[in-house]
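Spelled out, the chains give:
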Amino acid sequence: MDRKKEVRILAYESSCDETSTAVVKNGCEVESMVVATQIKSHQRFGGVVPEVASRHHIEVISQITTKALEEAKVTWKNIDAIAVTYGPGLVGALLIGVSAAKAASMATGIPLIGVDHIMGHIMAAQLTAKIDYPALALQVSGGHTEIVLLKDATHFEIVGDTRDDAVGEAYDKIGRVLGVNYPAGKTIDEWAHRGQDTFNFPRAMMEDDNYDFSFSGLKSAFINTCHHADQLHQSLNKYDLAASFQAAVVDVLAKKTIRAIKQYHPKTFIMGGGVAANRGLRDRMKIEIKQLPSNFDLKVILPELKLCGDNAAMIGAAAYNLYNEGKFADLTLNADPSLELPYADKILY
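Residues numbered from 1 in each chain as written. Predicted model: local features only at pLDDT ≥ 70, side-chain atom pairs only at ≥ 80, totals over all residues. Heavy atoms only, no water.

As named in an unreviewed UniProt entry, the protein chain is tRNA N6-adenosine threonylcarbamoyltransferase, taken from Lactobacillus bombicola. The annotation that UniProt attaches to the protein chain under Sequence similarities (unreviewed entry) is "Belongs to the KAE1 / TsaD family." According to the UniProt record, the Catalytic activity (unreviewed entry) comment for the protein chain reads "L-threonylcarbamoyladenylate + adenosine(37) in tRNA = N(6)-L-threonylcarbamoyladenosine(37) in tRNA + AMP + H(+)". (UniProt positions renumbered as here; feature names shortened; annotations may be inferred.)

This is how it looks when you write it as structure tokens:
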């Protein structure tokens, strides 16, 4: 497909508990981004309730579509493609966004693009700076913890994955024990900076000869420590607990990611996902990368904090790359809650 001088994409994101629309120009300029959060609705349940999430998506998706167009000062005539997250995520939530995007495409004749949610998180970096390829991404969120190799702007392969809990999921689970409202990550991060690593929680698989992760044992060790203290009527310092948990998480993520960087020699390092907003992890990765040998000329892109959580701008960025390759969907596009990026072969490039 011939590239236009300007390509505007209207994007939808509704994979979990945020309903978002955005207008993105040329894959890197956010002309508008609207996010309707549902956090308060889910806090009383201690986590996301799928049926509640779907209902909230239905209630707001039409009005935030209009708002995104208005804030970008464009009309449907200025839109070159409509993009939507079609997986992974909660199937009911995904279906709301997919249905809205398909309806808009059918009504306007504007082509449709389906986007992988994880590809979107990683491509949030494209909204911050130009990505030089090959690149390596640490994708850390509530549902995913992965090291991903980017051969180019549309071909991603997982080289390391979590075998159980994702990092964000582990934060939320230990947050319940500490009495922290969902989502717990931001509060735990703040507490960690006020405490010390005194509990020495396990660093599972840190020395294993692979790039996979496991956080279930860490979560269990944390919960058992707290429950045992309760039984003995002992009081534990919540700041030290948070610092010890976060130190274990960051140690494993940093060590394995740096080892992957040394093996694959990417030109760019990216972090994506909600946990990419974690200050402890961001600071540690900056320190570790500065200590790489001088022959590593590595560009580092950490997306703005507002682009770490679920948002439609990241979907618009990823969709622009698919647009340039003519990778469009049709009206048979359906939600795929178990959608996965491909896993890497032994020889990647």
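A. Up close: the overall build of the protein chain. Looking only at helices and strands, the protein chain features 10 helices and 10 strands. The C-alpha radius of gyration of the protein chain comes to 20 Å, within 12% of the 20 Å expected for a compact globule of 349 residues. Over its C-alpha atoms, taken along the principal directions, the protein chain stretches across nearly 65 × 50 × 30 Å. Classification of the 349 residues of the protein chain by burial places 56% in the buried group. Long-range contacts, defined here as pairs at least 24 residues apart, represent 75% of the contacts in the protein chain between residues at least 6 apart. When the accessible surface of the protein chain is totalled, it reaches about 15,400 Å², and 49% of it is carbon and sulfur. Side-chain charges in the protein chain split into 36 positive and 42 negative, and the spacing between the mean points of these groups amounts to 4 Å. (Helix = DSSP H or I, 4+ residues; strand = E, 2+ residues; numbered from the N terminus. Rg over C-alpha atoms; globule rule 2.2 N^0.38 Å. Buried < 20%, exposed > 50% of the residue type's maximum accessible area, 1.4 Å probe, protein only. Contact = heavy atoms within 4.5 Å. Areas by Shrake-Rupley, 256 points an atom, 1.4 Å probe, with all protein chains shown as cover. Lys, Arg positive; Asp, Glu negative; His and termini not counted. Charge placed at Lys NZ, Arg CZ, Asp CG, Glu CD.)

B. Summary view of the pairing of strand E3 (residues 29-37). As paired strands, strand E2 (residues 18-25) and E3 are joined by eight bridges and run antiparallel to one another. Its bridge partner being in E3, Glu 18 is matched across the sheet by Thr 37. The antiparallel pairing of E2 with E3 creates a hairpin that spans three residues between the two strands, and Asn 26 there sits at a positive phi of about 55°. (Pairing = 2+ DSSP bridges.)

C. Highlighting the sheet that holds E2. An order of E3-E2-E1-E4-E5 is seen for the five strands of this open sheet, with the pairing classed as mixed. Edge positions in the open sheet fall to E3 and strand E5 (112-116), since each of these has one partner strand only. Going across the sheet, the axis of each strand differs from the next one's by a mean of 20°, ignoring polarity. Contacts from helix H2 (residues 50-72) reach strand E1 (8-13), E2 and E3 within the one sheet, and its direction differs from that of E2 by about 20°. Along the sheet, helix H3 (residues 91-108) contacts E1, strand E4 (81-87) and E5; its crossing angle with E4, the most-contacted strand, is approximately 155°. (Axes fitted to C-alpha atoms, helices over the stretch in contact; angles between N-to-C directions.)

D. Highlighting the pattern of salt bridges. Using the criterion set out here, one finds 17 salt bridges in the structure. One salt bridge connects Lys 151 with Glu 157, and the closest N-O pair in it is separated by 3.4 Å. Assessed through its relative accessible area of 34%, Lys 151 is described here as partly exposed. Since its relative accessible area comes to 13%, Glu 157 is described here as buried. (Salt bridge = Lys/Arg side-chain N within 4 Å of Asp/Glu carboxyl O.)

E. Focus on the packing of helix H5 (residues 167-178) against helix H6 (residues 185-192). Their axes nearest at 9 Å, the elements H5 and H6 cross at an angle of 70°. Our classification of the angle between H5 and H6 gives roughly perpendicular. For the pair H5 and H6, contact is made by Tyr 171, Asp 172, Ile 174, Gly 175 and Leu 178 and by Gly 185, Ile 188 and Trp 191, respectively. For the contact of H5 with H6, the class distribution of residues is five nonpolar, two polar and one charged. (Parallel < 35°, antiparallel > 145°, perpendicular 65-115°, else oblique. Nonpolar A, V, L, I, M, F, W, Y, C, P; charged D, E, K, R; others polar.)

F. Structural view of the domain arrangement of the protein chain. Entries for the protein chain in the domain assignment read domain 1 (8-124 + 307-325) and domain 2 (130-302). Centre-to-centre separation of domain 1 and domain 2, based on C-alpha positions: 27 Å. Listed as interface residues are 18 residues of domain 1 and, on the opposing side, 23 residues of domain 2. Contact with domain 2 buries surface across domain 1, with Ile 118, Ile 122 and Cys 308 losing the most and accounting together for 35% of the total. (Domains from an automatic or database assignment. Buried area = accessible area lost by both parts, 1.4 Å probe.)

G. Broad picture of the packing of helix H7 (residues 216-231) against helix H8 (residues 238-264). Between H7 and H8, the shortest axis-to-axis distance is 11 Å and the interhelical angle comes to 165°. In this view, H7 runs roughly antiparallel relative to H8, as classed from their interaxial angle. Helix-helix and strand crossings are classified by hand; for H7 and H8 the assignment is right-handed. On the side of H7, the interface is formed by Leu 218, Phe 222 and Cys 226, while H8 contributes Leu 241, Phe 245, Ala 248 and Val 249. Along the lines of polarity and charge, the residues of the contact of H7 with H8 split into seven nonpolar, no polar and no charged. (Left-handed = near helix turned anticlockwise from the far one by under 90°.)

H. View of the nonpolar core. Ranked by size, the top nonpolar core spans 50 residues in total, and within it Ile 188, Phe 245, Leu 253 and Leu 281 carry the most contacts. Those elements that place two or more of their residues in this core are strand E6 (135-140), strand E7 (145-150), H5, H6, H7, H8, strand E9 (268-272) and helix H9 (279-290). Ranked by residue count, the leading element in this core is H8, at 14 residues. If sequence neighbours within four positions are ignored, Phe 245 has contacts with Ala 170, Tyr 171, Ile 174, Ile 188, Phe 201, Leu 218 and Phe 222. (Core = buried A, V, L, I, M, F, W, Y, C linked by side-chain atoms within 4.5 Å.)

I. Representation of the environment of Met 33. Tracing the backbone shows Met 33 in strand E3. Residue contacts for Met 33: discarding those within four places in its chain leaves Ser 20, Thr 21, Ala 22, Glu 71, Lys 306, Leu 307, Asn 311 and Ala 313.

J. Spatial organisation of H5. For H5, with 12 residues, the first-to-last C-alpha span of 17 Å sits near the 16 Å given by 1.5 Å per residue. The set of residues buried in H5 consists of Val 167, Gly 168, Ala 170, Tyr 171, Asp 172, Ile 174, Gly 175 and Leu 178. Where H5 is buried, its residues contact E6, E7, H6, H7 and H8. One or two residues past the end of H5 sits Gly 179, with phi positive at roughly 80°. (Expected span 1.5 Å × (residues − 1).)

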